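Working through the structure, step by step
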Amino acid sequence: MADLVYRVNMSNLSFKIEEVPAQWLGLGGRALTSTIVAKEVDPECHPLGPNNKLVFAPGLLSGTSASNSGRNSCGAKSPLTGGIKESNVGGTSAGIMSKLGVKALIIEGAPKNENVFYQLHVTKNHIEFIEVPELVGLDNYAVLEAMAAKYDKKVAVMTIGRVGEMRMNLANISVKDPGGKLRSHGRGGLGAVMGSKQIKCITVDAESYKEVTIADPEKFKEASKVFTKALQENPISGEGLPAFGTNVLVNILNEAGGLPTRNFRAGNWEFAENICGETMAENIKARGGKTTHGCHAGCVIQCSQVYNDKDGNYLTSGFEYETIWALGANFGIQDLDLIAKIDALMDDLGIDSIEASVTLGLAVDAGILAYGDGEKAYELLSKDLPNGTPMGRIIGSGTHILGKIYGLVRVPTVKGQGIPAYEPRAVKGQGITYATSTMGADHTSGYAVATNILNSGGYVDPLKKEGQVELARNLQIATAAVDSTGMCIFVAFPALDDPKCLPALVDMINARFGCSLSIDDVVNLGKTILKTEHEFNIKAGLNSADDRLPEFMKYEILPPHNVVWDFTGEEIDAFWNF
Amino acid sequence: MHVFVKLFAQYREGRFKTEERTYKEGICAQEIIEELELEKVSPLGVLMVNSRHEKPSYTLQEGDIIALFPKVGGG
Ligand code: SF4
């Protein structure tokens, strides 16, 4: 049965089930959210006003048996960047939406009565609007519990915590994973947009769905086998990621002088060993826990993990390099267990762990707390932030606004979004991605670290300018396409190095829909997505002057390589020549 | 001559994290990789000397810090 578009109007609490317009048929994930946002949202609208729309769309292959295909995209105009946003997530929502035949869920308008929060319950051809006063003021795990008590335990849940209710820039949208823990549409303040629509949580029925239909099951099976094999045989996705998680990057970035330290003052940190992936893996082995764990069913890479404390009690999962870097090297916490405790807190609160932690790094410069004072950080995040005290709201506004309030200059943001985990002066290809990404400083949107540092997809010297713009462009185009398939971005590692991987991915899409896309078509899709997003941003008032790194990086010399950011505006703008 | 050898990820198992080691003059990185039998564990991913990427043919100098990583990734 054909997929449908579910459209919700919060202004009058109504919904429509629509056929999928022909132009949207071949789109999924980011391609679809960005196309819908660009077509239907006024770029000049207030991101928290009734004219913004919140769009969810599972990837093209979500809901199928394809490995790693369970990512769901969420898009809107971002309150953090003022531009378009897409953020994708694992968890169970993509698979369940696909199986229910929901091609996209579009949420528009805003309730007139500002004091009521709703739950949207999505079932086959129907959406129920439920007032949920009992959930207001609760954070994510309490919402998950309430939903588990109310429905089949497999029900998909997308939720916001108190920070999202208060519409702060740090707020994310959290999604239940198969283990009952949380994953998140992390960046860009999408949780604030959901809060502005006064939606506390969205549940999707997991009882009455049908398996997705596959146009050519035999061909699909064959391609899927090749694809899975490529993921499993690649040394990075098959071995490195499962064994050490993404946190293996701490040591390699530290060694390369590209680990931002003390709010971007240096590229290496003397305590890296305390928080690195190797230490984390040792702790997991000694304490029980799991080094491998998937954020959604069907992940064969399993970069996630279960991390316990010294007594073997669960601390956190989905414990990622970027969060560990930000709270570690950048903010100064040397104790991995304390970082884990804060990570778990951030999951429950529903805040972007990168933005929050980069903000804490800057808060040290602001004199709010001392470098490495994790206890105080925990208190700020657990008390001030969710209670909406003035200090909580300052932190909750994110790095850029904190910098403005305290009159700071070393503010590591692009388009208002905090720079993650890779020092642009020492990993220059990544710097080009940060400058040009339509999402603001987003490491996933074009992971040049792969080729600058990890020798994946060739090698481009991280300290030189040559080849970086082209590298970042090619990666961003490819990523936009991958983000549309529902695939986790880590399929990029085998895709970069194994010639069988990408054709198998395209074959699966063809077999699923009975179409005949070529690799070129998929690359062109990536280009179209980027251009669509770029146009939206320009209309929203973000121009080439916003495609720039913070100025301090041009004149503050970064040890140990003693480098500055030395691209001219013209060189950066050449990114868009395609 | 003295060289600091740093190992990472799977390469550490049964070996060491960091060691100051003595080698004859003119030794290249590849010989150290072979001596430590690293590629029996996992193919070489990244080789850095003094925080710069180098090739296995790199000839080591007194006091160099060589860092050896299997294929790793993340993001
Ligand atoms: S590799 Fe990691 S991020 Fe990707 S799907 Fe698996 S657990 Fe999720």
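What follows concerns the packing of helix α19 (residues 468-485) of chain A against helix α22 (residues 519-539) of chain A. All names here are of chain A. Following both chains from N to C, one finds α19 and α22 inclined at 100 degrees, their axes separated by 7 Å at the closest point. Comparing their axes, α22 and α19 come out roughly perpendicular. Mapping the contact onto sequence places Gln-476, Ile-477, Ala-480, Ala-481 and Ser-484 in α19 and Val-522, Val-523, Leu-525, Gly-526, Lys-527, Ile-529 and Leu-530 in α22. Looking at side-chain class alone, the contact of α19 with α22 contains 8 nonpolar, 3 polar and 1 charged residues.

Here the focus is the sheet that holds strand β3 (residues 54-58) of chain A. Residue and element names in this part refer to chain A. An order of β2-β1-β6-β3-β4-β5 is seen for the 6 strands of this open sheet, with the pairing classed as mixed. Strands with a single pairing partner mark the edges of an open sheet, and in this sheet they are β2 (14-19) and β5 (84-89). Going across the sheet, the axis of each strand differs from the next one's by a mean of 15 degrees, ignoring polarity. By the bridge criterion, 3 bridges tie β3 to strand β6 (residues 102-108) in an arrangement that is antiparallel. Of the residues in β6, the one forming a bridge with Val-55 is Ile-106.

Buried accessible area, meaning the area lost when the parts come together, often serves as the stated size of an interface. All names here are of chain A. What the domain assignment reports for chain A is domain 1 (4-204) and domain 2 (258-421). One C-alpha centre belongs to domain 1, the other to domain 2, and the line joining them spans 25 Å. When domain 1 packs against domain 2, the two sides together hide about 2,800 Å² of surface, and 50% of this comes from carbon and sulfur. When residues of domain 1 are sorted by the area they lose upon contact with domain 2, Asn-68, Leu-170 and Arg-187 head the list and together hold 27% of the total. Between domain 1 and domain 2 we count 3 salt bridges in total. Of the charged contacts in the structure, one is a salt bridge between Glu-355 and Arg-187, with a shortest N-O distance of 2.8 Å. When residues of the side of domain 1 that touches domain 2 are traced back to their parent elements, those giving at least two are α3 (140-150), α4 (162-165) and β11 (182-185). When grouped by side-chain class, the residues that make up the side of domain 1 that touches domain 2 number 10 nonpolar, 14 polar and 8 charged.

What follows covers the pattern of salt bridges. All names here are of chain A. The tally for this structure, following the rule as stated, stands at 37 salt bridges over all chains. Notably, a salt bridge pairs Glu-270 with Arg-262, separated by 3.1 Å at the nearest N-O pair. A relative accessible area of 30% places Arg-262 in the partly exposed class. Linked by salt bridges that have partners in common, Arg-7, Glu-18, Glu-40, Lys-53 and Glu-108 make up one network.

Attention shifts here to the interface of chain B and chain A. Each partner contributes residues to the interface: chain B has 24 residues there, and chain A has 35 residues. In this assembly, chain B packs against chain A so that about 2,300 Å² is buried in total across both faces, 55% of it on carbon and sulfur atoms. There are 5 salt bridges connecting chain B and chain A. For Lys-17 of chain B, the salt bridge goes to Glu-273 of chain A, with nearest N and O atoms at 3.6 Å. Remark: the boundary between chain B and chain A carries 11 residue pairs in polar contact (both at pLDDT 80 or more). Mapped onto the side of chain B that touches chain A, the elements with two or more residues apiece are β3 (44-49), β4 (52-53) and β5 (65-70) of chain B. Looking at the side of chain B that touches chain A residue by residue, the class counts come to 10 nonpolar, 8 polar and 6 charged.

All names here are of chain A. Residues Ile-401, Ile-405 and Tyr-406 make up a contiguous nonpolar surface patch of roughly 240 Å² in combined accessible area. Turning to its location among the elements, Ile-401 is positioned in helix α16 (residues 399-405). Given the relative accessible area of 33%, Ile-401 is considered partly exposed.

Lining the immediate environment of the ligand, one finds 13 residues, of which Cys-295, His-296, Cys-299, Cys-303 and Cys-488 of chain A sit closest. Of the residues belonging to the shell around the ligand, the class tally is 6 nonpolar, 6 polar and 1 charged.

All right, on to a negative patch on the surface then. A contiguous patch of negative charge on the surface is contributed by Asp-216, Glu-218, Glu-222 and Asp-507 of chain A. A relative accessible area of 54% means that Glu-218 of chain A is categorised as exposed.

What follows covers the environment of Lys-376 of chain A. Residues and elements named next belong to chain A. Position of Lys-376 among the secondary structure elements: in helix α14 (residues 374-387). What makes Lys-376 partly exposed here is its relative accessible area of 31%. Between the C-alpha atom of Lys-376 and that of Ser-437, which follows or precedes it by 61 residues, the distance is 33 Å. The residues contacting Lys-376, other than those within four sequence positions of it, are Ile-368 and Leu-369.

Looking now at the packing of aromatic side chains. Going through the model one piece at a time under the given rule, you end up with 12 aromatic pairs over all chains. Plain terms: the ring middles of Tyr-307 of chain A and Phe-319 of chain A are 5.4 Å apart, the flat faces sit at 50 degrees to each other, and that makes the pair tilted. Of this pair, Tyr-307 of chain A sits in strand β14 (residues 304-308) while Phe-319 of chain A sits in the loop between β15 (314-317) and α11 (321-330), and the two are 12 residues apart along the sequence. Taken individually, Tyr-307 of chain A and Phe-319 of chain A each receive the classification buried, so the pair is uniform in this respect. Relative to Phe-69 of chain B, the ring of Phe-8 of chain B lies with its centre 4.2 Å away and its plane at 5 degrees, an arrangement referred to as stacked. Of this pair, Phe-8 of chain B sits in the loop between β1 (2-7) and β2 (18-22) while Phe-69 of chain B sits in strand β5; the two residues are 61 residues apart in sequence, bridging distant segments of the chain. Neither Phe-8 of chain B nor Phe-69 of chain B differs from the other in exposure class; each is buried. In this structure, Lys-181 of chain A packs its charged tip against the face of Tyr-314 of chain A, placed 4.0 Å from the ring centre.

Criteria and thresholds
- Residues numbered from 1 in each chain as written.
- Chains lettered and ligands numbered in written order.
- Predicted model: local features only at pLDDT ≥ 70, side-chain atom pairs only at ≥ 80, totals over all residues.
- Heavy atoms only, no water.
- Axes fitted to C-alpha atoms, helices over the stretch in contact; angles between N-to-C directions.
- Helix = DSSP H or I, 4+ residues; strand = E, 2+ residues; numbered from the N terminus.
- Parallel < 35°, antiparallel > 145°, perpendicular 65-115°, else oblique.
- Contact = heavy atoms within 4.5 Å.
- Nonpolar A, V, L, I, M, F, W, Y, C, P; charged D, E, K, R; others polar.
- Pairing = 2+ DSSP bridges.
- Domains from an automatic or database assignment.
- Buried area = accessible area lost by both parts, 1.4 Å probe.
- Salt bridge = Lys/Arg side-chain N within 4 Å of Asp/Glu carboxyl O.
- Buried < 20%, exposed > 50% of the residue type's maximum accessible area, 1.4 Å probe, protein only.
- Polar contact = N/O pair within 3.5 Å; in protein donor to acceptor, adjacent residues only side chain to side chain.
- Patch = residues over 30% accessible without salt bridge, like charges linked within 9 Å, V, L, I, M, F, W, Y side chains within 5 Å.
- Areas by Shrake-Rupley, 256 points an atom, 1.4 Å probe, with all protein chains shown as cover.
- Near = heavy atom within 4 Å.
- Lys, Arg positive; Asp, Glu negative; His and termini not counted.
- Charge placed at Lys NZ, Arg CZ, Asp CG, Glu CD.
- Phe/Tyr/Trp six-rings, centres within 6.5 Å; stacked < 30°, edge-to-face > 60°.
- Lys NZ or Arg CZ within 6 Å of the ring centre and 35° of its normal.

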